[in-house]
Amino acid sequence: MSLIELKNICKSYPLGDGELPILKNINLQIKNGEFVAIMGPSGSGKSTLMNILGCLDKPSSGQYLLDHKNIESLSSDELADIRNQMIGFVFQGFNLLSRTSAVENVELPMVYSGVDKTERRRKAEKALIDVGLKERMYHQPNQLSGGQQQRVAIARAIVNEAPIIFADEPTGNLDTKMSVEIMHLFQQLNRDLKRTIILVTHEEDIARFADRIIHIVDGEISIDEKVMH
Amino acid sequence: MKKHSIDISVIFNIAIRAIKANKMRSILTSLGIIIGVAAVIVMLAIGNGAQKSIQNEMKSMGANIMMIRSGVATSGGVRGGFGSQPTMKLSDGNAIEEKISKIKSAAPVLSEGAQIIYANTNWSTNITGTDNRYFEIKEWAIDYGRSFVETDVKNATKVAILGQTVVNELFGDVDPLNRTIRIKGVPFVVIGVLEKRGENGMGQDQDDAVFIPISTAQKKLMGVSFPDQVHMVMLQAIDSQSTYTSQDEIRALLRQRHNLGANKDDDFIIMNLTQMMEMMENSTKIMTILLGSIASISLLVGGIGIMNIMLVSVTERTREIGIRMAIGARSWDIRRQFLMESLVLSFIGGLIGVIIGIIGSFIISASGAMTTELSLFYVILPFSFSGLVGLFFGYFPAYKASLLNPINALRYE
Ligand SMILES: Nc1ncnc2c1ncn2[C@@H]1O[C@H](COP(=O)(O)OP(=O)(O)O)[C@@H](O)[C@H]1O
Ligand SMILES: [Mg+2]
């Protein structure tokens, strides 16, 4: 059973009088519980693909079934609900709210799903403990290192028990040691919490942490390989 | 998928945090609302105060009084008034008193402001030419000395009766009786001093006045357009009912005396106390509305300030909006976050404005410049108006924020 199914997905951006195709006829299936890396050189269309998968953007043509639901027919508010309930994002630039403590940042998805205050705090604290930030819960982002900020972002992505985590170059702003720690954390979330993880990266070393690597070149899937650990 | 209900307190906290993050900017933004609300409250209090004064003034005058002035009455109220063509005569008043049984007494009034001098002291006050009927109608007794006698009026003698304030200013401890004062250079002998009356309902000192015989005023002191001219006739009816029922008779008599043909308008205005009060209340009501509207404009300008700063805030926080959208905020969640922020901004401004407005009204009242009268309604009105302004001018920036595309918002530098 596929959690994610892409059929002939194309995406192009307007360029001058015509169109610039970025994604060309992408067909892809991802099952529940997989840890997939989407790998390719810069500008190959990885982020564009991830934005479509993450319901932040819509394809120009083709069909996207998320949990057997056709995304095309949904309104922007329905997409917001899907992002809230089914998807957690981790970005290269962390994208935490400034002047807002770690625990409040982690509470944010639950604010929009209407979880009550005490429950919100309890779950947020638990998520921060899960990512190893027990001691830093009430720090603000500017008081945390890059690795710690990314852990807060991961806690925010898992707190609402969303089954899918999308991570776009999550180690792009981190040094090697921290990158490895973050990748181990993803492996752990995949293994222990059974989260489906879709990782976007241009680095072979990082992609190797996943169980499957989908290579993208020029907006097309070139190789889809299993990783032997 | 279930739709969540977000705590309003969460949104409120976000708004407070955003406002606190830019304290100075928030205060400057609210300044327009602060000034607007304070101005509206003060203006309404002044208008309200003026209305109250008029009511007090009228109450103190006695219910049976009527006035006839030169002028043209129109259906919309009173036009002309003091500046219009003079038409009333002393003999008009006498004829009314004589022929109309419902009228007990008719006092002529011809008055102007002038400077008076005693020895080397001078004082500016109001000079009224009249006769004893004036004091009778006003129930105003002589404190010492005498009132006018028949020969004073008949011979236009240069005698004067003074109010207490004039006595204090010109004579101090000196006995004013039989002393000579000069009014516009003309010598007058002081024959009497009136009892102290104090301020009237509008805060005017009634004792700051000088009275001379009507004939002297007409012939020797004031410029008149025709020999027997008066500015006004003050009437006393036999009862308050008659101040209404006598008006038709008076009108008929005056139209006949002024030779007005059937197609001519009245060249005089008859008003009883209630009508005078209504007229003055109307004009203060118009004043209140005018002042209030002018003040409301500053409230609107304040609203534009809020819109301006909210647009800045939305742009500054584009990335935050993108994060919130990616995490699952619906467009309405974003919209009401910014609406709440502008609402809080305008309510804070409104609250400070209310405080300043109330204090301002008290200061104006205490300084004696004007009477002010605060009412709960006139405080709540501008306060809630400020909230409305916040909602109205906050809506567009909030709407703009909610329409952002999450990807573009997340990419915003
Ligand atoms: N909104 C857009 N308008 C026009 N071109 C875009 C837009 N977003 C991305 N692109 C272009 O699409 C291509 C792929 O971008 P992206 O998916 O971000 O690549 P990657 O993440 O693989 O580096 C790039 O050439 C980029 O310039
Ligand atoms: Mg990218």
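Definitions and cut-offs
Residues numbered from 1 in each chain as written. Chains lettered and ligands numbered in written order. Predicted model: local features only at pLDDT ≥ 70, side-chain atom pairs only at ≥ 80, totals over all residues. Heavy atoms only, no water. Helix = DSSP H or I, 4+ residues; strand = E, 2+ residues; numbered from the N terminus. Rg over C-alpha atoms; globule rule 2.2 N^0.38 Å. Contact = heavy atoms within 4.5 Å. Areas by Shrake-Rupley, 256 points an atom, 1.4 Å probe, with all protein chains shown as cover. Buried < 20%, exposed > 50% of the residue type's maximum accessible area, 1.4 Å probe, protein only. Lys, Arg positive; Asp, Glu negative; His and termini not counted. Charge placed at Lys NZ, Arg CZ, Asp CG, Glu CD. Phe/Tyr/Trp six-rings, centres within 6.5 Å; stacked < 30°, edge-to-face > 60°. Buried area = accessible area lost by both parts, 1.4 Å probe. Polar contact = N/O pair within 3.5 Å; in protein donor to acceptor, adjacent residues only side chain to side chain. Nonpolar A, V, L, I, M, F, W, Y, C, P; charged D, E, K, R; others polar. Domains from an automatic or database assignment. Near = heavy atom within 4 Å. Patch = residues over 30% accessible without salt bridge, like charges linked within 9 Å, V, L, I, M, F, W, Y side chains within 5 Å. Salt bridge = Lys/Arg side-chain N within 4 Å of Asp/Glu carboxyl O. Axes fitted to C-alpha atoms, helices over the stretch in contact; angles between N-to-C directions. Parallel < 35°, antiparallel > 145°, perpendicular 65-115°, else oblique. Left-handed = near helix turned anticlockwise from the far one by under 90°. Pairing = 2+ DSSP bridges. Core = buried A, V, L, I, M, F, W, Y, C linked by side-chain atoms within 4.5 Å. 1 Å grid on protein atoms, 1.4 Å probe; cavity = no way out; pocket = protein on both sides within 12 Å on 5 of 7 lines; lining within 4 Å. Points joined across faces, edges and corners; volume = space filled by probe spheres on them.

Engineer: Residues and numbers for the overall build of chain A, please.
Structural biologist: Of the regular secondary structure elements, chain A holds seven helices and ten strands. Relative to a compact globule of 229 residues, whose C-alpha radius of gyration would be 17 Å, chain A shows 17 Å and is just as compact. Each of the three principal axes of chain A carries a C-alpha extent, and together these read 50 × 40 × 40 Å. Relative to all contacts within chain A whose residues are 6 or more apart in sequence, the contacts with residues 24 or more apart total 69%. Surface accessibility of chain A: about 9,900 Å² in total, with carbon and sulfur atoms responsible for 48%.

Engineer: Tell me about the overall build of chain B, residues and numbers included.
Structural biologist: Check the secondary structure of chain B and you find 14 helices and twelve strands. Since a compact globule built from 413 residues should have a radius of gyration of about 22 Å, the 32 Å found for chain B marks it as more spread out than a globular shape. Burial analysis of chain B (413 residues in total) assigns 48% to the buried set. Taking contacts inside chain B between residues at least 6 apart in sequence as the whole, the part at least 24 apart equals 79%. Of the accessible surface of chain B, which amounts to about 19,600 Å², a share of 58% is contributed by carbon and sulfur atoms. Within chain B, the 35 negative side-chain charges are centred at a point lying 12 Å from the centre of the 39 positive side-chain charges.

Engineer: Would you mind going over the packing of aromatic side chains in detail, with residue names and values included?
Structural biologist: A ring pair, where both rings are aromatic, is described by two values, the distance of the centres and the angle of the planes. Residues and elements named next belong to chain B. Counting across every chain of the model gives twelve aromatic pairs over all chains. Ring geometry for Y118 against F171: centres 4.3 Å apart, planes inclined by 40°, an arrangement best described as tilted. Placement of Y118 in strand β4 (residues 103-118) and of F171 in helix α6 (residues 164-171) is noted, with a sequence separation of 53 residues between them. Between Y134 and F135, the ring centres sit 5.9 Å apart and the planes meet at 90°, which makes this aromatic pair edge-to-face. F135 matches Y134 in its accessibility class, with the two residues each being buried.

Engineer: So what about the interface of chain A and chain B? Which residues, and what values?
Structural biologist: Facing 27 residues of chain A, the contacting portion of chain B comprises 27 residues. With both sides pooled, the region where chain A packs onto chain B buries about 2,500 Å², and carbon together with sulfur makes up 56% of that total. Interface area lost by chain A to chain B is led by A:D81, A:N95 and A:Y112, which between them contribute 27%. Linking chain A to chain B there are eight residue pairs in polar contact (both at pLDDT 80 or more). Put simply, the parts of the chain that give the side of chain A that touches chain B at least two residues each are α2 (76-86), β6 (87-91) and α3 (102-111) of chain A. Tallied by class, the residues present in the side of chain A that touches chain B amount to eleven nonpolar, seven polar and nine charged.

Engineer: Can you break down the domain arrangement of chain B residue by residue, with the values?
Structural biologist: Along its sequence, chain B is organised into domain 1 (8-57 + 279-411) and domain 2 (86-266). Measuring from the centre of the C-alpha atoms in domain 1 of chain B to the corresponding centre in domain 2 of chain B gives 53 Å.

Engineer: Mind laying out the site of ligand 1, listing which residues take part and the relevant values?
Structural biologist: Taken together, A:Y13, A:I22, A:P41, A:S42, A:G43, A:S44, A:G45, A:K46, A:S47, A:T48 and B:R411 form the complete shell of residues around ligand 1. Ligand 1 sits at a junction of chains, with neighbouring residues supplied by chains A and B. The separation between an oxygen atom of ligand 1 and a polar main-chain atom of A:S44 is 3.3 Å. Protein burial of ligand 1: of its 560 Å² of free accessible surface, 64% is covered by the chains. For the shell around ligand 1, the leading source of residues is helix α1 (residues 46-53) of chain A, giving three residues.

Engineer: Can you explain a nonpolar patch on the surface? Please cite residues and give values.
Structural biologist: A grouping of B:M24, B:L28, B:L31 and B:I35 is seen on the molecular surface, where their side chains present a nonpolar patch of about 410 Å² in accessible area. Tracing the backbone shows B:L28 in helix α2 (residues 23-59).

Engineer: Give a detailed account of the pattern of salt bridges, specifying residues and quantitative values.
Structural biologist: The full count for this structure, using the stated rule, is 31 salt bridges over all chains. Residue A:E161 pairs with A:K123 through a salt bridge whose shortest N-O separation is 3.8 Å. Separated by 38 residues along the polypeptide, A:E161 in the loop between α5 (146-158) and β7 (164-168) and A:K123 in helix α4 (residues 117-130) bring together distant segments of the chain. Notably, a salt bridge pairs B:E97 with B:R133, separated by 2.8 Å at the nearest N-O pair. Here B:E97 is found in helix α3 (residues 90-99), whereas its partner B:R133 is found in helix α4 (residues 132-137), with 36 residues between them in sequence.

Engineer: Report on the packing of helix α12 (residues 331-367) of chain B against helix α13 (residues 376-402) of chain B, specifying residues and quantitative values.
Structural biologist: Residue and element names in this part refer to chain B. Direction vectors running N to C along α12 and α13 enclose 155°, while the axes themselves pass 7 Å from each other. Looking at the two axes, α12 sits roughly antiparallel to α13. Of the two elements, α12 crosses α13, and the hand of that crossing is right-handed. Counted by class, the contact of α12 with α13 contains 15 nonpolar, nine polar and one charged residues.

Engineer: An account of the side chain of B:Q236 is needed here, citing residue identities and associated values.
Structural biologist: Mapped onto the elements, B:Q236 comes out in strand β11 (residues 232-237). On the basis of relative accessibility, which here comes to 14%, the residue B:Q236 falls in the buried class.

Engineer: Explain the sheet that holds strand β1 (residues 2-15) of chain A to me, using residue names and the numbers behind them.
Structural biologist: Neighbouring strands of a sheet are bound in pairs by backbone hydrogen bonds; such pairs are parallel or else antiparallel. All names here are of chain A. Taken together, four strands build an open sheet; the order of strands is β2-β1-β4-β5 and the sheet is antiparallel. Here the strands that pair on one side only, and so sit at the sheet edges, are β2 (18-31) and β5 (69-70). Bridge count for β1 against strand β4 (residues 61-66) is five bridges, and the pairing is antiparallel. Bridge pairing in β4 links K7 to Q63. α1 contacts β1, β2 and β4 of the sheet and is inclined by roughly 125° relative to β1.

Engineer: For the packing of α3(A) against α4(A), give the residues involved together with the corresponding values.
Structural biologist: Residues and elements named next belong to chain A. Where α3 meets α4, the axes come as close as 9 Å, and the angle between the chain directions of the two elements is 120°. Accordingly, the angle class assigned to the pair α3 and α4 is oblique. For the crossing formed where α3 meets α4, the hand is right-handed. Counting all contacts with α3, which are made through A102, V103, E104, V106, E107, M110 and V111, the residues of α4 involved are R120, R121, K123, A124, E125, A127 and L128. Considered class by class, the residues forming the contact of α3 with α4 number eight nonpolar, no polar and six charged.

Engineer: I'd love a proper account of the nonpolar core, names of residues and values included.
Structural biologist: Nonpolar side chains tend to gather and get buried jointly when the protein is soluble and globular. Core analysis: the biggest nonpolar cluster contains 70 residues, and A:I4, A:Y64, A:L66 and A:F166 have the highest contact counts within it. Top element by residues in this core is α12(B). It accounts for seven residues. Dropping the residues within four chain positions of it, A:I4 is found in contact with A:L28, A:Q29, A:I30, A:L53, A:Y64, A:L65, A:L66, A:I164, A:F166 and A:I198. In terms of nonpolar packing, the next biggest core, distinct from the first, is built from 42 residues, B:L90, B:I96, B:I116 and B:F268 among them.

Engineer: Run through empty space enclosed by the protein, naming residues and quoting values.
Structural biologist: Scanning all chains against the criterion turns up two cavities of 30 Å³ or more. Of the voids in this model, the largest cavity is the one considered here, and its volume is about 80 Å³. Taken together, A:R83, A:N84, A:I87, A:G88, A:F89, A:P109, A:R156, A:A157, A:N160, B:A326 and B:I327 make up the full set of residues lining the largest cavity. Of all elements in the fold, only α2, β6 and α5 of chain A together with α11 (318-327) of chain B reach the threshold of two or more residues within the lining of the largest cavity. Ranked by residue count, the leading element in the lining of the largest cavity is β6(A), at three residues. Considered class by class, the residues forming the lining of the largest cavity number six nonpolar, three polar and two charged. Here the second largest cavity is characterised by a volume of approximately 40 Å³. Lining of the second largest cavity is provided by A:V111, A:Y112, B:I6, B:V10, B:I11, B:I14, B:D333, B:R336 and B:Q337.

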